[in-house]
Structures are given as structure tokens and as C-alpha cells.
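Chain residues, written in single-letter form:
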Amino acid sequence: MPNKTDDGRRAPRTVSRRSLFKHVAGAAAAISATTPAAAEPATPAAAPTLEAPKPQATRLEALETLTAAEADTLEAIVARLIPSDANGPGAAEARAAHYIDRALTGPLRGSRGAYAAGLAAIDAYAQSTKGAAFAKLIEPDQDAVLADMEKNVATGFAPDAATFFNLVRTHTIQGTFCDPYYGGNADFVGWDLIGYPGLRLVVTADEQRMNVRAKPVRQSAYADATFSMKGGSHGHRP
């Protein structure tokens, strides 16, 4: 969970964000060979300054399976699992909660009951330990609740808190880094986060050189004629 640095700024990622990179390590390793070292700053003597991301407008849309209260709780959870910070956008900007809401009507429909029970349990635990529903807590208190779940000391969950925590974290990672066709990775913020260049059917010899960064292809795989939508929904309707 986030810590403060000596000068009072928020440290760049949470424990969960560092953990998620273990899940995408294969993708990061695959692209590292084509990612050059960072360019030298124009004035080497000056320390680089990271600007905090600008808030983005909330996209309002109808829910497909979650209730409004469940969606509020889930949005707050994913925003703390992969937070937006000075290093870039996180799960909220990637619309990971929207991905989960859509998937619970399709490929993840078997988890709908677990979400109903788990989201209610996290609100009840937050209320009993911090005095408010999860979505209404300040970020440090939200992080404390999630830490209790991850360590499996939070009560009121079936079968236990860690099981639900790992379920939501897995789906948050999916929603952040998936093909945008499935409702997450909005504006390709997940692909940008790990440096994934996107779908490419042909890779030139120059693009395979160690110190060459491939030009990002920012489109869904299903937008390519090779992956025709005819004959199947690819796990979900568009």
C-alpha cells in the first residue's frame, strides 16, 4: 500500500501494483528487448520532475450486472489495487471495473455470486473497522482494509477474505491489460504502462533490433480484418 517518501510525496506504487507486474512479467520481458534506455535529459544537472496525472472525466454508462452500490465499491477497489499516480494512469482510467461488470454477464458469470457476497462483505468490514462504506473511506483507510483482506485477517468473507481479494485483483489485472474489445484497457493505458506495442502481424528486421522501439499499434485485435467477427463473439459481444 502507498507510503510517503522523506519529502512527503506519495511513493510510486502500492504493494499490489508491484505484485501485478509478476503476473505480466512475461509480457514485460518480451518487450524489454525492443525498449531502449531512457533518453538523457536535456540538462543532466537538473533532477527530473514527474507531474501528477490530470484527472479524467468519468464515463457514465449503464451497468450490465452490478448494482450501483456494488459498482461504486468495485470502482474504489480497483482504483487502489492499481492506482493512478505520477507514473501514469491506473485501473480506474483503464476502466477495469467496467470490464468486470461486462464479463460477469459472460465469461465470468460464475463469479457473480462471489462478487455480490464479497462486495457486501468488504463494505461491512470497512464500516465496522473504519466507520464508513469502503467507497467513502479516505485512501489510507481503503488501503488498510485491502491489506487486511490480502493478509486474510479481515472477517465476514466466504470462504475467506484472501480468496475474494485475489479474485478481484486477478480480474483487475485482466481489465487493465486486456484487448479494449472486452471493455477494459481504455485508451490503451494498460498497454502503455508496460510498453506493449500492440498487435502486429508483420515485424520488420529493423523492428527486431535490440535498441529499436517498435511504433505502437493502438487498435483492438478485432479491428483487424484478419480477426473477423464473423462466426463468433470472441467471448463477448461488442
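Residues numbered from 1 in each chain as written. Predicted model: local features only at pLDDT ≥ 70, side-chain atom pairs only at ≥ 80, totals over all residues. Heavy atoms only, no water.

Quick look at the side chain of Thr176
Along the polypeptide, Thr176 turns up in helix H8 (residues 161–177). A distance of 2.8 Å separates a polar atom in the side chain of Thr176 from the backbone oxygen of Thr172. Each residue touching Thr176, except ones within four places of it in the same chain, is listed here: Ile82, Ala91, Ala94, Ala96, Asn185 and Gly190. (Helix = DSSP H or I, 4+ residues; strand = E, 2+ residues; numbered from the N terminus. Polar contact = N/O pair within 3.5 Å; in protein donor to acceptor, adjacent residues only side chain to side chain. Contact = heavy atoms within 4.5 Å.)

Side note on the packing of aromatic side chains
On inspection of all chains with the given rule, the structure shows seven aromatic pairs. Between the aromatic rings of Tyr115 and Phe164, the centroid separation amounts to 5.7 Å while the plane-to-plane angle is 75 degrees, which identifies the pairing as edge-to-face. In this pair, Tyr115 is assigned in helix H6 (residues 112–130) and Phe164 in helix H8, connecting sequence segments 49 residues apart. Taken individually, Tyr115 and Phe164 each receive the classification buried, so the pair is uniform in this respect. (Phe/Tyr/Trp six-rings, centres within 6.5 Å; stacked < 30°, edge-to-face > 60°. Buried < 20%, exposed > 50% of the residue type's maximum accessible area, 1.4 Å probe, protein only.)

A short note on H6
For H6, spanning 19 residues, the distance from its first C-alpha to its last is 26 Å, which sits close to the expected 27 Å at 1.5 Å a residue. Inspection of H6 places Arg112, Tyr115, Gly118, Leu119, Ala121, Ile122, Tyr125 and Ala126 among the buried residues, and these make up the whole buried set. In this structure, the buried residues of H6 make contact with helix H3 (68–81), helix H5 (96–103), helix H7 (139–150) and H8. (Expected span 1.5 Å × (residues − 1).)

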